[in-house]
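# Examination of the molecular architecture
One letter stands for each residue in the lines below.
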Amino acid sequence: MDTANHVITDIRAYHADGKDNQQLQDIVHRLQRRLWQQGMVFENCVADTGYSSGENYAFLEQQGLKSFIPPHGTYKGGPDGFEYIGEHDHYLCPQGKVIPFTKMFKDYRTGTKKKEYRARKHVCTDCPIRSTCLGKSAQEKKFSVTYYREEYERNNERVNSPQGRYMKGKRQSTVEPVFGTLTQFMGMRKINTIGLAQANKVMHLSAIAYNLKKYLKFERKLAESGAGRLALKALAKSVLQNLFQASMTHRNLDFRF
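All values derive from a computational prediction rather than experimental measurement.

## Description of the packing of aromatic side chains
Counting across every chain of the model gives nine aromatic pairs. Their ring planes at 85 degrees and their centres at 4.9 Å tell us that Tyr91 and Tyr117 sit as a pair that is edge-to-face. Taken together, the residues Tyr91 in strand E4 (residues 90-92) and Tyr117 in strand E6 (residues 113-118) connect sequence positions 26 residues apart. Considered together, Tyr91 and Tyr117 belong to a single accessibility category, that of buried residues. Measuring from centroid to centroid gives 5.8 Å for Phe101 and Tyr117, while their planes differ by 65 degrees, and the two rings are edge-to-face. Here Phe101, found in strand E5 (residues 98-106), pairs with Tyr117, found in strand E6; they are 16 residues apart in sequence, far enough to count as distant. Overall, Phe101 belongs to the partly exposed group, its relative accessible area being 33%.

## Structural notes on the packing of helix H1 (residues 24-37) against helix H2 (residues 54-62)
As a packed pair, H1 and H2 sit with axes 10 Å apart at the nearest point and diverge in direction by 20 degrees. By the angle between their axes, H1 is roughly parallel relative to H2. Along this stretch, H1 crosses H2, giving a crossing that reads as right-handed. Between H1, through Leu24, Gln25, Val28 and His29, and H2, the contact on the second element is made entirely by Glu55, Asn56, Phe59 and Leu60. Among the residues forming the contact of H1 with H2, the class breakdown is four nonpolar, three polar and one charged.

## Observations regarding the packing of H2 against helix H5 (residues 149-159)
One can describe the packing of H2 onto H5 by two numbers: an axis separation of 9 Å at closest approach and a directional angle of 80 degrees. It follows from the interaxial angle that H2 and H5 lie roughly perpendicular. On H5, the residues that touch Gly54, Tyr57, Ala58 and Glu61 of H2 are Glu151, Tyr152, Arg154, Asn155 and Arg158. When its residues are assigned to classes, the contact of H2 with H5 shows three nonpolar, two polar and four charged.

Here is what the cut-offs are and how they apply
- Residues numbered from 1 in each chain as written.
- Predicted model: local features only at pLDDT ≥ 70, side-chain atom pairs only at ≥ 80, totals over all residues.
- Heavy atoms only, no water.
- Phe/Tyr/Trp six-rings, centres within 6.5 Å; stacked < 30°, edge-to-face > 60°.
- Helix = DSSP H or I, 4+ residues; strand = E, 2+ residues; numbered from the N terminus.
- Buried < 20%, exposed > 50% of the residue type's maximum accessible area, 1.4 Å probe, protein only.
- Axes fitted to C-alpha atoms, helices over the stretch in contact; angles between N-to-C directions.
- Parallel < 35°, antiparallel > 145°, perpendicular 65-115°, else oblique.
- Left-handed = near helix turned anticlockwise from the far one by under 90°.
- Contact = heavy atoms within 4.5 Å.
- Nonpolar A, V, L, I, M, F, W, Y, C, P; charged D, E, K, R; others polar.

Put into structure tokens, the structure is as follows:
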């Protein structure tokens, strides 16, 4: 969605067994190309928590985009009470002991990159908070943190800034109402088709119809003049013809919603 005019800029169906954050990069690549062709600049990416991931934050930064995506509630920049020292890439425990970086690995459960930090055994031997910090069986302090900690922190700083709060309000007042309109009035509550290709046809027709209504409303003032009325009539006729041709091309779709 374009937050300025409530225009749908991209729409696509994905398999339901995938997470939202797995689709963001595909959406951005497609949208950047489309906006560039129209001479428009894509600067800020605003989305809900479902699109949060360190990989996405890093990707958006590489694309020159500012992310305003709240992180998952599970995100932690490190254990409570531990201070991260970015210059040396290590943590200081509440007792001031160094917990150095040891290795980078890929979490087999989530497939995400993480960094492991581990203290040597002798560091924790005589620690006064050993029992509460390590538990009963551990011999040294060990924990993992997302590989994209710095990207998370930069994104969180933006999200919690005045601009981030403004962006959140824009998303709630722009994207959510359009989604409600598509599901309640544009036949998108349930798509009775088989396969992504067929579902995408239905979704694109709904988006075209929605954007056409927005365009006609935007052009209403120009229609006050004779030339404006003729131009508007020609535009409406052309768009409706295209919609009709598309519906005939996709006549195998089931439009019963």
